[in-house]
Amino acid sequence: MPDGSSESDLKARAQRHHYRSLTPEEYEGLNHFRADWADIAAEADNRFFILGSFADDDVDRVNQLKDQINREMGNNAVAYRMDDFVPDTHLILHPILKFKLIADDSHHILGICEHDQGGALIEHGLLIESRSYIDKTHILKRSYPPEREKEQYSWMQTFGVFEIFEYYDQLYDWETVPEYEQQIDDLVEDLL
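Along each chain, numbering runs from 1 in the same order as the chain's sequence is written. Side-chain atom pairs in this predicted model are given and counted only at pLDDT of 80 or more, local residue features only at pLDDT of at least 70, and totals for whole chains, interfaces and linings cover all residues. Working from all heavy atoms in the structure, the side-chain values ignore hydrogens and water.

## Notes on the packing of helix α4 (residues 95-104) against helix α5 (residues 120-127)
Thinking step 1. Axis separation between α4 and α5 bottoms out at 11 Å; the angle between their running directions is 45 degrees. Considered as vectors, α4 and α5 are oriented oblique to each other. Two packed elements cross with a definite hand, and for α4 against α5 that hand is right-handed. Across the interface between the two elements, I96, F99 and K100 of α4 pack against I122, E123, L126 and L127 of α5.
Thinking step 2. In this classification, the charged set is Asp, Glu, Lys and Arg, the nonpolar set is Ala, Val, Leu, Ile, Met, Phe, Trp, Tyr, Cys and Pro, and all remaining amino acids, among them Gly, are polar. In terms of residue class, the contact of α4 with α5 is made up of 5 nonpolar, no polar and 2 charged. Here, axes are lines fitted to C-alpha atoms. For helices the fit covers the stretch in contact, and angles between N-to-C directions go from 0 to 180 degrees. Counting from the N terminus, the helices are DSSP H or I runs at least four residues long and the strands are E runs at least two residues long. Just so you know how the angles are binned, under 35 degrees is roughly parallel, over 145 roughly antiparallel, 65 to 115 roughly perpendicular, and the rest oblique. Left-handed is the label given to a crossing in which the near helix is rotated counterclockwise from the far helix by less than a right angle, and right-handed is the label when the rotation is clockwise. Only heavy atoms matter for contacts: two residues are in contact if any of them lie within 4.5 Å across the pair.

Next up, the structure:
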């Protein structure tokens, strides 16, 4: 957790985000999360939380962004996905709680959005729930021809999430893989 953050602060934030007392198993999961955070992200000056679909056709772009930040930025920055923390399935840490704890302590949240499948709508709802999340989030949205755009994205994404991030100049459109790669380069350079 951020420098100077105590174990009690983490537990208090976890309970606030979870809306109820944590079970002993959840406390164990929280302790493992804390240890993972110390190993993966605690020392980096720039922490990037990478979001996107883990479907076979999409996960390569998520990993490409994560790998590019980790490879090119050296010790100055670290990028991670949610599944980098407490991946062991026997440890219980509610996914929404884990998402919020990671988002709280990340400097930047970068989302790759290609459709409304999987957990995209839940993630987007969480991102716009908090002004602090909105301020540090940038969305790389895949564009489609108008007739396909309605098939790929829900009305909540189109008229809610995308409009919010477009208003704050934090929405980046791409259509082809080379455009996506250029958006990554430009965005990471701007943020660092």
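## Things to note about the packing of aromatic side chains
Any two aromatic rings considered together are summarised by their centre-to-centre distance and by the angle between their planes.
Thinking step 1. In this analysis, rings of Phe, Tyr and Trp, with Trp reduced to its six-membered ring, are considered paired at centre separations within 6.5 Å, and the interplanar angle assigns stacked below 30 degrees, edge-to-face beyond 60, and tilted for intermediate values. Overall, the coordinates contain 11 aromatic pairs when judged by the stated rule.
Thinking step 2. Centre to centre, the rings of F33 and W37 are 6.3 Å apart; their planes meet at 35 degrees, and the pair counts as tilted. Note that F33 and W37 are positioned in helix α2 (residues 24-40) at a spacing of 4 residues, about one turn of the helix.
Thinking step 3. Looking at F33, the relative accessible area reads 0%, which means it is buried.
Thinking step 4. Think of it in three bands: with a 1.4 Å probe and only protein chains considered, a residue is buried below 20% of the maximum accessible area for its type, exposed above 50%, and partly exposed in between. Judged by its relative accessible area of 0%, W37 falls in the buried class.
Thinking step 5. Of the aromatic side chains, those joined through ring pairs into one cluster are F33, W37, F49, Y80, F85 and F99.
Thinking step 6. Charge-over-ring placement is defined geometrically: NZ (Lys) or CZ (Arg) within 6 Å of the ring centre, and within 35 degrees of the ring normal. Over the face of the ring belonging to F54 we find R81, whose NZ or CZ atom lies 3.9 Å from the ring centre.
Thinking step 7. Here the guanidinium or amino end of K141 rests over the ring plane of F162, the centre of that ring lying 5.4 Å away.

Just geometry here; none of it tells us what the structure is for.
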